Amino acid sequence: MLMKTLLLLPFLLITLLAAAQTRSLEGNVISASDQRAVSKASITIHNGKSFIANDSGQFKIEVPTGNIVLTVSSIGFASKEVAVSPTDNNITIALTETNKDLNEVVVVGYNAKKKGELTSAVTVVDAAKLKDVTTNDVGSMLQGKVAGLQVVNSSGVPGAAAEIRLRGVSSINASQTPLYVVDGIIGGNFDPNDVESITVLKDASATAMYGSQANAGVIVVTTKKAKSGKTAIEFKATAGFRTPDFGKLDMMDGSQLYDYQKQFYRDYIPTDTGNSYKVDLLKFYAERPTSLDSQNHNWLTTIFKPAFIQNYYVSISGKTEKNEYYLGASYYNENGTFMNTNFQRANLRATSTIHFNPKISLTNSINISGVTGKSYDYNDIYYAFLNLPWDNPYDSAGNAVYVDGNSPFKWWSRDKVNPVHTINHSDHPYKGFDVNYDLNFNYAITNWLTLSSTNRVAASYSKSSSYYSGDVAGQYHGTGYLDESSILSYSGISNDLLKFNFKLGDHQLSGLAGMAFEGGKTETLGGSGRGLPFGLKVLNVVSGNLSVNGYYDQSALISYISQVNYSYRNKYFVSGSYRIDGSTAFQKSNRYGSFPAISAGWLASNEDFLRGNRIITYLKLRAGYGVTGTQDIGASRYLGLYSLTSQYNNQSAATPSQLPSPGLTWESKYQTNIGMDVDFFKRISLSVDVYNNLTKNLLLQVSQPLSVGFETRWENSGEIQNKGLEIALTTQNIQSRNFSWTTDFNISFNTNKLKALPASFVKTGSWAISQIYRNGGNLYEFYMPVWLGVDPQTGAPQWQKITKDGNGNITSTEATSTYADATLQEVGSALPKYQGGFNNTFTYKNISLTVNTYFLYGNKVYSNNLRFVMNDGNEPYYNQIVLPSDYSIWTKPGDIATNPSPQNAANSTEVSTRYLKDGSFISIRNITLGYNLAQSFAKRLGMDGIVISASADNVYTFTKFLGQDPQTTIQQDIYTTPGVSDFKYPNNRQFLLNINLKF
């Protein structure tokens, strides 16, 4: 024993001596220009040992005793050698920026990278570029600012969210709305005022980290945090008004309609030969009294009015060595331009971070929001457009008139309904709240290894009702009607990861590994009934037609996540990730899906042959490949289901409702992306990306043989391919002492093809408007007869008739006036060929002007409104639009006209390309004029800055589209067909005054 102790003693002495020759050194790395933290700076001791600072620029390392020299470097900064004496225990190292863009920290996946390290297709939009548009929806703020991102403001309903599609549509049945990630955690609620930046992840090398939830792309939201040591206060107030935009639906006034209806009395019977083709004025005046010529009531301006909008926001934030905090509160109030509609939202967000020491930090964040508002009945908008201007909704006392089919007075409009009376005697309120609580824990186990745990619990509740008093006309007259529904949702998510980041000489390796779990449940409950006592709006007093419904949906997802990033000399970058998701949406044998990704980048501008080049100041090449998936078609699609909504012998009866699909599995998208980022003269920045995305194993409802007893069953079948090109260009056109002009331009092209479908099929939506799905065809391809105009001799409508032989070859084409003989044809897709934005910012001293535009080209929109408001006399008691100057009505043989004779217009309003229009447009999205008051003036008032601005949103749209609005839904569900424009709540123009104060 003694001998062993003597042998170990030298080794113990050596260890103690080594420990005595090192000491701890703490510090942080900041930017010399603005003192902000430099994330993940590399710190190398001259003996060769390297360390990495954390995301906050802090470090705590072991260094030799005595005088030492540290070499500190980071992408976008010049390397710096720092002499450290034995008495220095806590130091601050300031680095000088060489390329600010390279040092920009971008949140991707479950971590953050500097822009210079990125190997994937990513676009960052900061708060300064979002604040031009005042809205409750951040999606609308992104319109025209991200290449490849299609943003459609398809409705002007107060509080409505925009429809978003990234790089086309890659699924037939699954949701195509991008996944939102708030502060590193999937899902979450936030207020646009609290947003610091938006990062759009486009390709699989970035999105595959989110696996089965990232099939439609990922939008990462980073909320505001404390930026400086002192307490900062910000206040913003916005107020103004909005007006409805009816597009090119210029409805006739009373006099115009009176003259137009003379066409209905033209002496023309198609089967006769003795027609005079003249208007029979005696008959016209007998049926249309001359007094109608001066009766003019504008239904649109009665039901739609200018509306007030206001938005207020206040925040306070601060930062010390141990604590960071942010508190933001906002109130948004949007009155609707349609009668009795509005939306209000109050939001409170609080975030605090405690740094217990340089190794351990804890972040708490809570977001509480509440909404309330009033919705509307679609039929009332329908009547607002179609009721005749000869009818007055008010009596002599100014009260809304009750109208039905038994009214003793003349009501000219076809549907005997006064929508103003209905609106005054109905109510469609809704309300709800949402609570998110985040708890994030970070522990630096070593200088290169960190444990990160990010967690969120969320709960939301919403309630809506639709009430009609017994005073209304129609089916609820005398009984009233009440329909109520409520939804309660609660969920949780936890991400637990080990993150590593270390440097060995010129080699840097970082990454993560861990697992995530999320689950949630949604409970829905509702009821409806008639027989309400007047003045009461509660379900327990209904006396008839009582109906109760309720259900719940529960889901869980477990994931295993890993990623490795490698860089060499800040020139060559490789990143790989692998995620496994297990979902309860599939049976056990198919429950797990794998989603790998790999990407690489070459920062060529760091090579010796480009270093210091005055023309090409930055050049990076990127390439990536990866797989994402989707399960978002609803729960239990693989099960055989029974419905219990029917009854037998006074008991619940079970009837089959869904065939089992035991082999159902993940829908997966295989994505390839090649990109280039290049800067010229430090004034021109160009990004180009080319992609090829192939979605396989589409989750489809496939037709079944009649013998099965069901029309369809869920199966994996078919493919969708999206190919595209994206270009983003930023130029500093002029940069002088007092004046600057910057331009942001982006454009994206996308083609879409269907492949490997088991058979062609046609989806027919409302109003019998169909779209065909076939191999080699486009998604959302309209399928209908081709309109050939008007027969010059008869004034009859004409469609194209195609004759084919037994081999499917066309043998002849001809015009036919028999609609049933017309040939159904593929006539264009609802998806655009290209889209983009063109945004300019001008500054002169303290004055700034921004002009943002958005354009879209090559899509087809079916203007379904026209079948009602340009109906050729098929419905003479609907109001009509004022025909454009290049339109005309057939009146006699030989006329070359666009619209058929009202006397020979059979089936003229049936579905055809007559109402299928070019949906291309260019929109002036926003104009903002701002003035930044002099800093000296602000200081005298005790403020750090004062900005006053005036803005206009949705200023004007240039388009050939004839209809209400070319911005039409691309959503597909049981109520809507992509690319079909119907009477809708119109989009609005906004005129606002803004003030921003900083303390």
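Residues numbered from 1 in each chain as written. Predicted model: local features only at pLDDT ≥ 70, side-chain atom pairs only at ≥ 80, totals over all residues. Heavy atoms only, no water.

Draft legend 1. Representation of helix α9 (residues 378-386) in the model. Within α9, seven of the nine residues are buried, leaving the element largely enclosed by the surrounding structure. Residues D380, I381, Y382, Y383, A384, F385 and L386 constitute the buried set of α9. Elements in contact with the buried residues of α9: α8 (299-303), α10 (419-424) and α11 (866-869). (Buried < 20%, exposed > 50% of the residue type's maximum accessible area, 1.4 Å probe, protein only. Helix = DSSP H or I, 4+ residues; strand = E, 2+ residues; numbered from the N terminus. Contact = heavy atoms within 4.5 Å.)

Draft legend 2. Structural detail: empty space enclosed by the protein. In this structure the tally under the stated criterion is nine cavities of 30 Å³ or more. If you trace the largest cavity, you find 25 residues lining it, with T135, S140, N153, S155 and R242 closest to the centre. Looking at the lining of the largest cavity, its residues break down into six nonpolar, 14 polar and five charged. Within this model, the second largest cavity holds a volume of roughly 120 Å³. (1 Å grid on protein atoms, 1.4 Å probe; cavity = no way out; pocket = protein on both sides within 12 Å on 5 of 7 lines; lining within 4 Å. Points joined across faces, edges and corners; volume = space filled by probe spheres on them. Nonpolar A, V, L, I, M, F, W, Y, C, P; charged D, E, K, R; others polar.)

Draft legend 3. Quick look at the side chain of S863. Within the secondary structure, S863 is located in strand β48 (residues 860-863). Of the polar contacts made by the side chain of S863, one reaches the backbone oxygen of L962; its length is 3.0 Å. In contact with S863, not counting residues within four places along its chain, are Y915, K917, F961, L962, G963 and S981. (Polar contact = N/O pair within 3.5 Å; in protein donor to acceptor, adjacent residues only side chain to side chain.)

Draft legend 4. Geometry of the sheet that holds strand β52 (residues 980-981). Here we have three strands laid out as an open sheet, ordered β49-β48-β52, and mixed in their pairing. Looking at the sheet topology across the chains shown, the edges are occupied by β49 (916-918) and β52. Looking at chain direction, β48 and β52 are connected through two bridges and run parallel. Within β52, the position partnered with Y862 by the bridge is V980. (Pairing = 2+ DSSP bridges.)

Draft legend 5. Seen up close, the UniProt feature "domain: TonB-dependent receptor plug" (unreviewed entry) in the protein. Per the UniProt annotation, the sites labelled "domain: TonB-dependent receptor plug" (unreviewed entry) are residues 116-218. Spanning residues 116-218, this segment combines 12% helix with 26% strand, and its end C-alpha atoms are found 20 Å apart. (UniProt positions renumbered as here; feature names shortened; annotations may be inferred.)

Draft legend 6. Spatial organisation of the packing of aromatic side chains. A complete count under the given rule lists 50 aromatic pairs for this structure. Taken together, a centroid distance of 6.0 Å and an interplanar angle of 15° make the contact between Y568 and Y572 stacked. For Y572, a relative accessible area of 34% translates into the label partly exposed. Taken together, the ring pairs in this structure connect F246, F304, F338, Y376, Y382, Y383, F385, W767, F868, Y878, F983 and Y985 into an aromatic cluster. When the ring centre of Y670 is taken as reference, the NZ or CZ atom of K696 above it lies at 4.9 Å. (Phe/Tyr/Trp six-rings, centres within 6.5 Å; stacked < 30°, edge-to-face > 60°. Lys NZ or Arg CZ within 6 Å of the ring centre and 35° of its normal.)

Draft legend 7. Geometry of the pattern of salt bridges. Using the criterion set out here, one finds 30 salt bridges in the structure. Close ionic contact of R345 with D191 constitutes a salt bridge, the shortest N to O distance being 3.0 Å. With R345 in strand β20 (residues 342-355) and D191 in the loop between β14 (185-186) and β15 (195-201), this residue pair connects regions lying 154 residues apart in the sequence. The pair formed by R345 and D191 is uniform in burial state, with each residue classed as buried. Of the charged contacts in the structure, one is a salt bridge between E875 and R414, with a shortest N-O distance of 3.0 Å. Residue E875 is found in the loop between α11 and β49, and its partner R414 is found in the loop between α9 and α10; the two are separated by 461 residues along the sequence. The exposure class of E875 is partly exposed, given its relative accessible area of 27%. With a relative accessible area of 36%, R414 lands in the partly exposed category. Among the charged side chains, a salt-bridge network with shared partners connects R167, K202 and E726. (Salt bridge = Lys/Arg side-chain N within 4 Å of Asp/Glu carboxyl O.)

Draft legend 8. Representation of the confidence of the model for the protein. For the protein, the average pLDDT comes to 90, and 97% of its residues sit at 70 or higher. Here residues 1-20 is a poorly scored stretch, pLDDT under 50, and it has one contact once near neighbours within four places are set aside; other chains count. (pLDDT = per-residue confidence, 0-100.)

Draft legend 9. Quick peek at the domain arrangement of the protein. Domain assignment breaks the protein into domain 1 (22-98) and domain 2 (101-237). A C-alpha centroid distance of 33 Å is found between domain 1 and domain 2. (Domains from an automatic or database assignment.)

Draft legend 10. View of the sheet that holds strand β4 (residues 58-64). With mixed pairing, three strands are arranged side by side in an open sheet as β4-β1-β7. Each edge of the sheet is formed by a strand with only one pairing partner; in this case those strands are β4 and β7 (90-95). Along the sheet, successive strands turn relative to each other by an average axial angle of 35°, direction set aside. The pairing of strand β1 (residues 22-31) with β4 spans seven bridges and is antiparallel. Bridged to N28 within β4 is Q58. (Axes fitted to C-alpha atoms, helices over the stretch in contact; angles between N-to-C directions.)

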